[in-house]
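Summary of structural features
Spelled out, the chains give:
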2 protein chains.
Amino acid sequence: MESHPPAGGHSVRTRSQHQRRKRIVQAAAALASRGGVEAMQMRTVAERAGVALGTLYRYFPSKMDLVVAVVGEEIDLLESSIERRPPGASTPASRAVDVLMRATRGLMREPELADALIRSLIMAEVQTPFGDRMTGLLLRVSAEGLTLEQASEEQRDLAGSLASVWVQELLEMLRGRRTYDQIQRRIETAAARLLAGI
Amino acid sequence: MESHPPAGGHSVRTRSQHQRRKRIVQAAAALASRGGVEAMQMRTVAERAGVALGTLYRYFPSKMDLVVAVVGEEIDLLESSIERRPPGASTPASRAVDVLMRATRGLMREPELADALIRSLIMAEVQTPFGDRMTGLLLRVSAEGLTLEQASEEQRDLAGSLASVWVQELLEMLRGRRTYDQIQRRIETAAARLLAGI
DNA sequence: ACAGATATTAGAATCTGTTCTAGTTTGCGA
DNA sequence: TCGCAAACTAGAACAGATTCTAATATCTGT
């Protein structure tokens with residue numbers, strides 16, 4: 001209640017703290033993209049980031065918080081990719097499918113990282129903006145640049161449901177139970193119904 | 001390659017081994033229904049089940065395998081509940097909603113257990129019949145007692161998607177981000193579209 | 001520049017899942 | 001019934017996340 005640690009994902013006081021945080025997240029991402037979560041050991045992350053273990057824990061109170069931060073960066077990448085090259089398809093559903101499959105391909109490129117991130121996110125006790133950000137993204141591309149706030153409750157429900165389906169399919173893929181094509185088919189089927197006339 | 005351990009969830013040789021396995025699963029469930037996964041410590045489970053730690057690990061090679069076993073029991077309960085009192089609603093979608101919300105209420109009764117189970121299931125490397133069993137259940141109640149094998153690919157995709165939405169909603173609830181009513185609304189919305197004319 | 005608060009560090013300590021060891025018990029075919 | 005292979009037991013050992021400690025370094029306001 002008295003101390004003011006650099007808060008996992010929020011404001012940081014000094015420039016050097018900002019740098020430190022960045023180094024930590026980068027080190028974590030690098031390790032995870034090799035051997036997945038197991039390779040991303042807290043001691044190792046601290047070492048690679050040139051920081052004491054205690055400091056790492058001051059920035060990220062648990063390994064999960066660190067993973068969440070890494071995921072944040074990944075979503076940033078996806079968002080900027082979509083900004084750079086927005087989906088051009090003509091229906092809301094197909095634009096949404098475009099975005100989701102683009103994200104899927106991105107994650108497939110680093111399976112270890114993807115596995116670590118998705119699983120950890122799902123496990124997180126932490127409040128993760130993951131689902132909401134994905135839902136917002138879907139609304140934006142499928143319904144006239146709608147934001148989460150502007151959307152009707154039903155629109156949010158529908159976009160959120162599609163995001164849920166995607167996450168689960170991703171998990172199945174990581175378990176080796178889905179191929180890219182199967183995911184695409186399922187996402188298309190679900191999107192066609194969930195986003196019809198949205 | 002040479003030893004033949006009692007295989008986590010399969011055949012068991014003797015009666016006493018069957019008993020032992022049962023005691024273990026019961027002890028695990030009891031502990032989990034109190035303090036969740038954390039309370040379900042392997043040492044404690046072993047102790048409560050009156051079994052050596054090594055033996056516990058012979059039956060369940062990892063904590064996850066043990067959790068999967070506990071979940072199996074829970075799904076059995078749901079299935080028999082549905083057999084006893086099948087959903088009576090008139091549309092496929094509302095029958096599906098009935099089943100899912102019944103399952104939701106069941107899990108809400110033991111939140112700690114539910115949390116442990118759902119999370120672990122999602123994390124499991126193991127091949128868990130969870131999604132498939134849920135999907136099969138949904139097909140059965142919504143489309144004329146269809147089985148997973150008889151259903152068309154599209155039917156399986158749609159029922160599977162609904163199951164995905166449900167799982168994610170359950171997770172959100174366990175994170176304290178959904179109320180029962182919100183879940184019900186979302187499931188209804190999704191089911192109406194995904195199962196229309198199935 | 002000084003004082004007190006905050007941040008960082010190295011490293012030990014703790015906790016829980018998992019593995020290993022050595023010895024004992026049990027089940028079962030000959 | 002005898003003897004072996006498999007199962008079981010108690011407990012030590014190991015691994016990685018998390019916590020704790022005592023000392024040092026850095027900041028901030030004055």
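Note: the structure precedes this text.
My aim in this report is to walk through the structure given alongside it, one point at a time. Just so it is clear, the structure is predicted and the values come from calculations on it, not from any experiment.

1. Digging into unusual backbone geometry
The residue Glu144(A) is not glycine, and still its phi comes out positive at about 50°. If you trace the backbone, Glu144(A) turns up in the loop between α7 (130-142) and α8 (153-174).

2. Focus: helix α1 (residues 15-39) of chain B
All names here are of chain B. With 25 residues, α1 should reach 36 Å at 1.5 Å per residue; the first-to-last C-alpha distance of 29 Å falls well below that figure. For α1, the principal kink sits at Ser-33 and spans about 100°. Burial in α1 covers these residues: Gln-17, Arg-21, Ile-24, Val-25, Ala-27, Ala-28, Ala-29, Leu-31, Ala-32 and Gly-36.

3. Thoughts on the nonpolar core
Counting residues in each nonpolar core, the largest one holds 123 residues, and the members touching the most others are Trp166(A) and Trp166(B). In this view, Trp166(B) contacts Leu100(B), Ala103(B), Thr104(B), Leu107(B), Phe130(B), Met134(B) and Ile187(B); residues no more than four positions away in its chain are not counted.

4. Focus on the packing of helix α8 (residues 153-174) of chain B against helix α9 (residues 180-194) of chain B
Residues and elements named next belong to chain B. Relative to each other, α8 and α9 sit at 170°, their axes nearing to 10 Å. Regarding the angle of α8 to α9, the classification is roughly antiparallel. For the pair α8 and α9, contact is made by Leu-158, Ser-161, Leu-162, Val-165, Trp-166, Glu-169 and Met-173 and by Ile-183, Arg-186, Ile-187, Ala-190, Ala-191 and Leu-194, respectively. Here the contact of α8 with α9 is built from residues that sort into 10 nonpolar, one polar and two charged.

5. Observations regarding the pattern of salt bridges
Between side chains of opposite charge, a pair can form as their charged atoms come close. All names here are of chain A. A complete count under the given rule lists 22 salt bridges over all chains for this structure. The salt bridge partner of Glu-79 is Arg-133, with a shortest N-O separation of 3.0 Å. A residue pair is termed long-range when its members are at least 10 positions apart, and Glu-79 in helix α4 (residues 63-84) and Arg-133 in helix α7 qualify at 54 residues. Residue Arg-133 is classed as partly exposed on the basis of its relative accessible area, which comes to 22%.

6. A short note on the packing of helix α5 (residues 92-109) of chain A against α7(A)
Each packed pair of helices is defined by two parameters, the angle between the axes and the distance between the axes. All names here are of chain A. With their axes 8 Å apart at the nearest point, α5 and α7 run at an angle of 140° to one another. Here α5 lies oblique to α7, going by the angle between them. Note on packing geometry: the crossing formed by α5 with α7 is right-handed. Residues Pro-92, Arg-95, Ala-96, Val-99, Leu-100 and Ala-103 of α5 pack against Met-134, Leu-137, Leu-138, Val-141 and Ser-142 of α7. A per-class count over the contact of α5 with α7 returns nine nonpolar, one polar and one charged.

Criteria and cut-off values
Residues numbered from 1 in each chain as written. Chains lettered and ligands numbered in written order. Predicted model: local features only at pLDDT ≥ 70, side-chain atom pairs only at ≥ 80, totals over all residues. Heavy atoms only, no water. Helix = DSSP H or I, 4+ residues; strand = E, 2+ residues; numbered from the N terminus. Expected span 1.5 Å × (residues − 1). Bend = angle between axes of the 7 residues up to and from the residue. Buried < 20%, exposed > 50% of the residue type's maximum accessible area, 1.4 Å probe, protein only. Core = buried A, V, L, I, M, F, W, Y, C linked by side-chain atoms within 4.5 Å. Contact = heavy atoms within 4.5 Å. Axes fitted to C-alpha atoms, helices over the stretch in contact; angles between N-to-C directions. Parallel < 35°, antiparallel > 145°, perpendicular 65-115°, else oblique. Nonpolar A, V, L, I, M, F, W, Y, C, P; charged D, E, K, R; others polar. Salt bridge = Lys/Arg side-chain N within 4 Å of Asp/Glu carboxyl O. Left-handed = near helix turned anticlockwise from the far one by under 90°.

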